[in-house]
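Structural overview
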Amino acid sequence: MNSLMNTVTRLPVRFTRGEGVWLWDDQGRKYLDGFSGIAVNTLGHAHPRFTRVLQEQVSRLIHVSNYFQIGELEKLADKLVSVGGMENAFFCNSGCEANEAAIKLARLYGHQRGVDNPAIIVMENAFHGRTLATLSATGNRKAQAGFEPLVTGFVRVPLNDIASVRQIAASNRNVVAVLLEPIQGEGGINVSTVEYLRALRDICNQQNWLFMLDEVQCGIGRTGPWFVYQHANVLPDVLTLAKGLGGGVPIGVCLARGVAAQVFKPGNHGTTFGGNPLACAAALAVLEIVESEKLRENAEAMGRVIRDALAREFAGNKGVVEIRGRGLMIGMELDRPCYELMAQALDVGLLINVTTDNVIRIVPSLIISDAEAREIVTRLAPLVHAILAKPCEVKSAKG
Ligand SMILES: *Cc1c(COP(=O)(O)O)cnc(C)c1O
């Protein structure tokens, strides 16, 4: 492993094959995948229809460049715009690139309105990516440390606190947009209330700010509707997607509507790979399969199965601070750090994740069955009980 830059500590397992929500390692051991590659494998592993679409596309056309018209790209844009209530789309290759596009769009929008130093309101505990601008928008001092000077032009507020946004509206003439994850992923599965999303939409209308939602992790049917903002019956001006969109094939997109859809002109932004035929065929297939197999409905139902099973299992246990989330985006906050859970879960044949020290994150594929959903809790529960049975030495950051 010396030939890899030391950016991440990897667990000692090497997967070689997958099928549905199951993975096999190079020793032939089988694992239940409750993580789906950080909410990426929307259709699980080796979905037969998805595999056929990819094989057919690879054998026909992978890449041509955005100097030309691309049929797969046009079809995907039409489909996304239609399910999201948006107007147009810019395709790229990842979540941070989608957010870079959104940030550039907001700045250009500001300049077009005569704001020389445009600023964007962002949230505490937000995660928007690792490029310089998205890292600067991210609300995590540890991730930012050492990369100063950061990109300026971000104003930070606590999530679900509409008063601090109103205060900024009254005092800061540079603000041109609000950017947030309607459900924070890396930040600990923190759900924006429906009232908060509606209030933000109203303020954005009053102030002529762009309402920009990062649904890179929570979007694409994971919580029931295609997008989390649909729970609140509001529309964003700018929407970013990535992770689950390509079912494992890298793709990101920045969608816009209304004034935001008219901001970019030729030459303002671009990409070499973004929107290539392979990535677009993959994403289009993901959307069609989610629809035809009713996977959004399944995500909502299976999310309830997992949350209810966790609630029953840990009823009255003071070590569990909260079980939260929507659909198949689930967080269980403990009163203490629990990093070791990821490795311990592997030992019992389960993939889950821990984020912000003490929040267990469960984000399985949308194809998961009732029995498989219950099995996640069956495998996880004894490990969590063991951690909570030990005397609690370190208070959690949030506790
Ligand atoms: C993962 C993530 C990103 C960054 O996506 P990359 O593809 O890793 O660049 C941005 N926003 C949210 C909400 C994410 O979960």
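Report on the accompanying structure. All values derive from a computational prediction rather than experimental measurement.

Let's shift gears to the nonpolar core. Judged by nonpolar contacts, the single largest core of 96 residues is most densely connected at L80, I121, L180, L341 and I360. No other element matches helix α9 (residues 277-292), which puts 11 residues into this core. Per-domain counts for this core show at least three residues from each of domain 1 (15-33 + 294-388) and domain 2 (50-292). Ignoring anything within four residues of it in the chain, the contact list for I360 reads I330, G331, M332, L334, C338, L341, I352, N353, L380 and V384. Ranked by size, the runner-up nonpolar core spans 26 residues in total, among them A137, L179, A261 and V263.

Evaluation of the coordinates by the stated rule reveals two aromatic pairs. Considering the side-chain rings of F227 and Y229, the 5.6 Å spacing of their centres and the 10 degrees angle between planes classify their relative orientation as stacked. Residue F227 is classed as buried on the basis of its relative accessible area, which comes to 0%. Note that R17 overlies the ring of W24, its terminal NZ or CZ placed 4.0 Å from the centroid. For the cation-ring pair, K30 lies above W22, with the distance from its terminal atom to the ring centre recorded as 4.5 Å.

Moving on, we come to the pairing of strand β12 (residues 252-256). Across the five residues of β12, five count as buried, placing the element largely inside the fold. Burial of β12 is two-sided: the residues G252, C254 and A256 facing one way and the residues V253 and L255 facing the other way are all buried. Note: strand β4 (residues 88-92) against β12, five bridges, orientation antiparallel. Residue C92 lies in a different strand from β12, and its bridge partner there is G252. Bridge count between strand β11 (residues 238-241) and β12: four bridges; the pairing is antiparallel. Paired with L239 across the bridge in β12 is L255.

Between its terminal C-alpha atoms helix α2 (residues 48-60) stretches 19 Å, which fits the 18 Å expected from 13 residues at 1.5 Å a residue. Among the residues of α2, those classed as buried are F50, L54 and Q57. Angularly, the buried residues of α2 cover 70 degrees about the axis, an arc narrow enough to put them on a single face. Residues of α2 that are exposed and angled more than 90 degrees away from the buried face: P48, R52, Q55 and S59. Packing partners of the buried residues in α2 comprise α3 (71-84) and α9.

Right, let's get into the packing of α2 against α9. Pairs of packed helices are described in terms of their axes, by the angle between the two and the distance that separates them. Remark: α2 packs on α9, axes separated minimally by 10 Å, with the N-to-C direction vectors making an angle of 155 degrees. For the element pair α2 / α9, the angle class is roughly antiparallel. Remark: the crossing between α2 and α9 carries right-handed chirality. On the side of α2, the interface is formed by R49, F50, V53, L54, Q57 and V58, while α9 contributes P277, L278, A281, A282, A285, V286, E288, I289 and S292.

Here the focus is the sheet that holds β12. Ordered in space as β4-β12-β11-β10-β7-β5-β6, the seven strands form an open sheet in which the pairing is mixed. Each edge of the open sheet is held by one strand with a lone partner, namely β4 and β6 (154-157). Put simply, the sheet's adjacent strands are angled 20 degrees from each other on average, direction ignored. As paired elements, strand β5 (residues 119-123) and β6 share four bridges and run parallel to each other. Along β6, the bridge assignment pairs M123 with V157.

Analysis parameters
- Residues numbered from 1 in each chain as written.
- Predicted model: local features only at pLDDT ≥ 70, side-chain atom pairs only at ≥ 80, totals over all residues.
- Heavy atoms only, no water.
- Core = buried A, V, L, I, M, F, W, Y, C linked by side-chain atoms within 4.5 Å.
- Buried < 20%, exposed > 50% of the residue type's maximum accessible area, 1.4 Å probe, protein only.
- Helix = DSSP H or I, 4+ residues; strand = E, 2+ residues; numbered from the N terminus.
- Domains from an automatic or database assignment.
- Contact = heavy atoms within 4.5 Å.
- Phe/Tyr/Trp six-rings, centres within 6.5 Å; stacked < 30°, edge-to-face > 60°.
- Lys NZ or Arg CZ within 6 Å of the ring centre and 35° of its normal.
- Pairing = 2+ DSSP bridges.
- Expected span 1.5 Å × (residues − 1).
- Arc of directions from axis to C-beta.
- Axes fitted to C-alpha atoms, helices over the stretch in contact; angles between N-to-C directions.
- Parallel < 35°, antiparallel > 145°, perpendicular 65-115°, else oblique.
- Left-handed = near helix turned anticlockwise from the far one by under 90°.

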